[in-house]
Amino acid sequence: MSEGVAPDESRSWRARLLGWMLHSYFALTRSMTMGVRAACFDQEGRIFLVRHSYIAGWHMPGGGVERHETVEQALAKELREEGNLVISGRPQLFQVYLNNRTSKRDHVVFFRVQVEQTAPRKPDLEIVESGFFSLDALPPGTTKATYRRLKELEGGEAPSNYW
């Protein structure tokens, strides 16, 4: 993880513009968007989280499903790109959510996976920080959605239909 970068400093106007442009492009070229995210746990039971340059907070890794790509292929690709993570065993499908905060047609396919990290993930223009965290010591700025998904995974809440 990189240190000394405040969340607001990492969200430059260029990064926000890029995020807006990507969402606008997807909205114009697709009738529905679909993404994958995963609760990624290591052998010690810690969860892997990322902090993006273009959106505030700590999130579970994931990204869009491209044409001609299965959700499991997209999941493996996104975990490799965002965290140098390799899935151990078979991903467990947990829930499909409508992410109506992003758009009226964005869906998130959410998995629980066991992972191994092949090498620490170095910060870049997309991911400014990442790392494994104990469930009782999540980093400040962890998103409400991340906390909700963890409660659902542990059985403390019924899975929602909305991200």
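What counts and how
Residues numbered from 1 in each chain as written. Predicted model: local features only at pLDDT ≥ 70, side-chain atom pairs only at ≥ 80, totals over all residues. Heavy atoms only, no water. Helix = DSSP H or I, 4+ residues; strand = E, 2+ residues; numbered from the N terminus. Buried < 20%, exposed > 50% of the residue type's maximum accessible area, 1.4 Å probe, protein only. Salt bridge = Lys/Arg side-chain N within 4 Å of Asp/Glu carboxyl O. Core = buried A, V, L, I, M, F, W, Y, C linked by side-chain atoms within 4.5 Å. Contact = heavy atoms within 4.5 Å. Phe/Tyr/Trp six-rings, centres within 6.5 Å; stacked < 30°, edge-to-face > 60°. Lys NZ or Arg CZ within 6 Å of the ring centre and 35° of its normal.

1. Let's talk about unusual backbone geometry
Of note in this structure, H68 is not a glycine but carries a positive phi near 65°. Looking at where H68 falls in the secondary structure, it is placed in the loop between β4 (62-64) and α3 (71-83). Given a relative accessible area of 85%, H68 falls into the exposed group. For N84, which is not a glycine, the phi torsion comes out positive at approximately 55°.

2. Quick look at the pattern of salt bridges
Tallying each qualifying case throughout the model produces 8 salt bridges. Put simply, R90 and E72 hold a salt bridge, and the shortest N to O gap is 3.2 Å. Of this pair, R90 sits in strand β5 (residues 85-98) while E72 sits in helix α3, and the two are 18 residues apart along the sequence. The exposed category is assigned to R90, whose relative accessible area is 64%. The salt bridge partner of R121 is D124, with a shortest N-O separation of 2.9 Å. Given the relative accessible area of 13%, R121 is considered buried. For D124, a relative accessible area of 36% puts it in the partly exposed group. Connected through shared salt-bridge partners, D42, E44 and R46 make up one network.

3. Brief notes about the nonpolar core
Membership of the largest hydrophobic core comes to 16 residues, with the highest contact counts inside it found for C40, L79 and V113. Secondary-structure elements contributing two or more residues to this core are β1 (33-41), β2 (47-52), α3, β6 (106-117) and β7 (127-133). Looking at this core element by element, the count peaks at 4 residues for β6. When residues no more than four places from it in sequence are discounted, the contact partners of L79 are A38, C40, P61, N84, L85, I87, V113 and V115. Counting 15 residues, the second largest nonpolar core, distinct from the first, contains I47, L150, L153 and W163.

4. Regarding the packing of aromatic side chains
For the coordinates displayed, the defined rule picks out 6 aromatic pairs. Arranged with centres 5.1 Å apart and planes meeting at 65°, the rings of F48 and F132 form a pair that is edge-to-face. Here F48 is found in strand β2, whereas its partner F132 is found in strand β7, with 84 residues between them in sequence. Residue classification places F48 among the buried residues on the basis of a relative accessible area of 0%. Taken together, the aromatic side chains of F94, Y97, F110 and W163 make up a single cluster linked through ring pairs. Between the NZ or CZ atom of R149 and the centre of the ring of W163, over which it lies, the distance is 4.8 Å.

Nothing here speaks to function; it is all geometry.
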